[in-house]
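Spelled out, the chains give:
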Amino acid sequence: ATTNNACKIELIVNGQVTATEQLTLNVDSQQLMPSGSNKLKLTCSLIEQSVFGFNKDEILDVIWDKNSSNILQLPASHPSYLLPSGNFSVLFTIDTHTKSMQQIYWQDVAIYLNDSLVNNTTMGAFYGLCLTLILYVFFMGRTLNDNRFQLYSVYVFCAATFFLLQEGQLNIVLPNHSFLLSHQLYLIFAGLTVFSATVFIVRLTDLHLTWPKTSHYFLTPSAALALAFSVIIPFLEHNAIGSFFSQLMAWLTLLIMLVILLLIAIQSFRKVAIARLVFLSLLLMVAAMVFRIAFHDFNPFLTRYALIIAFAIEAFIFAIAVSSRVKNINLQKIKAEKDANTDALCKVYNRRGWDVKANALLTQHKQGAGILSLLYIDINDFKIINDTHGHDSGDKALIIISKIIKKQVRENDIVGRIGGDEFVIVGLFENEKQANNLAHRIKTRLSSLTLRIQGAADISASASVGQVKFSTSPASVTAMLDLADKSMYQAKREKKNERQGNLQID
Ligand SMILES: Nc1nc2c(ncn2[C@@H]2O[C@H](COP(=O)(O)OP(=O)(O)OP(=O)(O)O)[C@@H](O)[C@H]2O)c(=O)[nH]1
């Protein structure tokens, strides 16, 4: 009967034991294994069941000897086995493709369960966050038709897949697919991550516009080279050349990140929008990467977690940066649209903007009832005002008159300046009386004006106002304008005749 737990592992080459490793319960141990097929012997004497497994990802397959039916494979991210109690000795083969230190763990069942629960929950939360960000930003990008957002999703997808393959969670749902655990597949996703991240960051922060040469001749080609390495390395012999290329890829990636970091630091210094956010998250990522390269074999678990945590924070910050860009782009679009439709001097609609709004009102009138009324306002003898007081004072007079008009109208009436001294108002009224009231107010208010202009002489001005009303919708806004224009000329002529009549009487 066994009185204490003990396990040892022996490496067997040509039938000879070449190395022995005494395992310690709940302490990871290292075993150097040449690449290829390694025969090993596990000898245990156990009071109770325990868990035995491998941490590293270079393992292609673990094949147990025929007499190992009492050793149970557990659904886990890495090859893990439940060892029975009692004394036993069993042979197994490990296929690896790189000569490496294998991390072997031998744990209490309770500790193993706790560790894998923590690991899988943490990783599950991480994948959930990534998936949410990927989908959210992707569909936001589709709505806004800007490929920066799709690039973000591609980048986060590649990185999350890289972590998924490296951490091995796919192995839980798809056991016995050793390819999923293999170095090859996750290395390619590492390359894809470097490439998509570079393209995304360049587009997000407009590095291709600020430093076109650096981004065309260094950043994009280097990222493509790192991607090419990641595809080539799995096909190389796992010897000095292979590890040289692996190192090269790691350092190239670090170099790309440092250059981007430097450029974005300059942008932050120049106070370019979102540059600081991007800088912060990149700094975090570089710190995690330096840690990963410098302490490569120090503690793989910790090294991987540092990168995952840094990446989760980075992905989140990038999502904020992307949405902040969306906001900026949207605001710019809205402002540009508004500017294109606004008269710069009087801050009412210009011809283009007024036409759009007037058409919308006409459509509304066609669908409903009420009176559509258009007022056409032309300032009298504005040329004389300009000639007498100067163009600058003329401008100020136009501003004051437009303010007077805006004060008289209701919120939904549409005021536009469609010519030098010509204003139009279109509105929808419940009845003719309401429409006439507005026309009357405008005509009275503009019939005789004294405009006070700071630092200049007062200007006397007046305007002629024409009105057209429709209970049945007119054919078009142009037709409506033509009629209103004629009505205004009629009013102007009458006013001139009146004045001439007055002169003759005098
Ligand atoms: N200050 C200023 N003047 C403008 C602007 N746009 C047009 N004008 C001037 O407005 C004047 C309009 O002149 P006309 O169309 O001959 O009309 P009017 O002098 O008002 O004469 P009636 O319409 O017959 O009463 C022209 O002298 C234009 O140069 C502007 O933005 N600022």
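Residues numbered from 1 in each chain as written. Predicted model: local features only at pLDDT ≥ 70, side-chain atom pairs only at ≥ 80, totals over all residues. Heavy atoms only, no water.

Note the cut-off: UniProt positions are given in the numbering used here, feature names are shortened, and annotations may be inferred rather than shown by experiment.
Under the annotation held in an unreviewed UniProt entry, the protein chain carries the name diguanylate cyclase and is attributed to Paraglaciecola aquimarina. As its UniProt record puts it under Catalytic activity (unreviewed entry), the protein chain is described as follows: "2 GTP = 3',3'-c-di-GMP + 2 diphosphate".

Describing the overall build of the protein chain
Quick note on the threshold: Strands here are runs of E lasting at least two residues and helices are runs of H or I lasting at least four, both read from the DSSP assignment and numbered beginning at the N terminus. When accessible area is computed with a 1.4 Å probe and restricted to protein chains, residues below 20% of their type maximum are described as buried, those above 50% as exposed, and intermediate ones as partly exposed. We call two residues in contact whenever any of their non-hydrogen atoms come within 4.5 Å of each other. Working definition of accessibility: Shrake-Rupley area with a 1.4 Å probe, residue cover restricted to the visible protein chains.
Of the regular secondary structure elements, the protein chain holds 15 helices and 16 strands. The burial tally for the protein chain puts 46% of its 506 residues in the buried class. Expressed as a percentage of contacts within the protein chain between residues at least 6 apart in sequence, the contacts between residues at least 24 apart total 74%. For the protein chain, the accessible area works out to roughly 25,800 Å², and carbon and sulfur atoms hold 60% of it.

Side note on the packing of aromatic side chains
For the record, the criterion: Planes of paired rings set the category: under 30 degrees apart is stacked, over 60 is edge-to-face and the rest tilted, where pairs are Phe, Tyr or Trp rings (Trp by its six-membered ring) whose centres lie within 6.5 Å.
Taken as a whole and judged by the stated rule, the model has 21 aromatic pairs. Between Phe52 and Phe54, the ring centres sit 5.4 Å apart and the planes meet at 75 degrees, which makes this aromatic pair edge-to-face. You can call Phe52 buried: its relative accessible area is 0%. Accessibility expressed as a relative area gives 0% for Phe54, which makes it buried. Seen in terms of ring centroids, Phe138 and Phe139 are 5.3 Å apart; in terms of plane orientation they differ by 90 degrees. Their pairing is edge-to-face.

A look at the nonpolar core
Where we set the bar: The criterion is simple. A nonpolar core is a set of buried Ala, Val, Leu, Ile, Met, Phe, Trp, Tyr and Cys residues joined through side-chain atoms within 4.5 Å.
Core analysis: the largest hydrophobic core is formed by 64 residues, its most contacted members being Phe126, Tyr152, Val278, Leu282, Phe311 and Val322. Counting residues per element, the ones that place at least two in this core are helix H1 (109–144), helix H2 (147–167), helix H5 (183–204), helix H7 (212–232), helix H8 (240–269), helix H9 (275–294) and helix H10 (300–341). Sort the elements by how many residues they give to this core and H10 lands first, with twelve residues. When neighbours within four sequence positions are excluded, Phe126 is seen to be in contact with Phe163, Ile308, Phe311 and Ala312.

Digging into the packing of H7 against H8
To be explicit about the condition: Lines fitted to C-alpha atoms define the axes here, with helix axes fitted over just the stretch in contact, and angles between the N-to-C directions of these axes take values from 0 to 180 degrees. Each angle receives one of four descriptions, namely roughly parallel if under 35 degrees, roughly antiparallel if over 145, roughly perpendicular if within 65 to 115, and oblique otherwise. It is the rotation of the near helix from the far one that decides the hand of a crossing: anticlockwise by less than a right angle makes it left-handed, clockwise makes it right-handed.
Viewed as axis vectors pointing N to C, H7 and H8 meet at an angle of 150 degrees, and their least axial separation amounts to 9 Å. With respect to H8, the axis of H7 lies roughly antiparallel. As for how H7 packs across H8, the hand of that crossing is left-handed. Contact with H7, carried on its side by Thr214, Phe218, Leu219, Ser222, Ala223, Leu225, Ala226, Phe229 and Ser230, involves Phe245, Leu248, Met249, Leu252, Thr253, Leu255, Ile256, Val259, Ile260 and Leu263 of H8 and no other residues of that element.

Thoughts on the site of the ligand
Basically, it comes down to this: In these notes, residues near a molecule or strand are those with any non-hydrogen atom within 4 Å of it. In the analysis that follows, any N or O atom pair within 3.5 Å is treated as a polar contact, provided that within protein one partner can donate a hydrogen and the other can accept it, and provided that, for residues neighboring in sequence, both atoms belong to side chains. Each residue gets one label: Ala, Val, Leu, Ile, Met, Phe, Trp, Tyr, Cys and Pro are nonpolar, Asp, Glu, Lys and Arg are charged, and the others, such as Gly, are polar.
Surveying the vicinity of the ligand reveals 16 residues, the closest of which are Phe382, Lys383, Asp395, Arg417 and Asp421. Between an oxygen atom of the ligand and a side-chain N or O atom of Lys492, the distance comes to 2.8 Å. A distance of 3.5 Å separates an oxygen atom of the ligand from a polar side-chain atom of Lys496. For the ligand, whose free accessible area comes to 660 Å², the fraction covered by protein is 67%. Counting residues per element, the ones that place at least two in the shell around the ligand are strand S11 (371–379), helix H12 (382–389), helix H13 (391–408) and helix H15 (477–505). In terms of residues, the shell around the ligand owes the most to one element, H13, which gives four residues. Class assignment for the residues of the shell around the ligand results in three nonpolar, five polar and eight charged.

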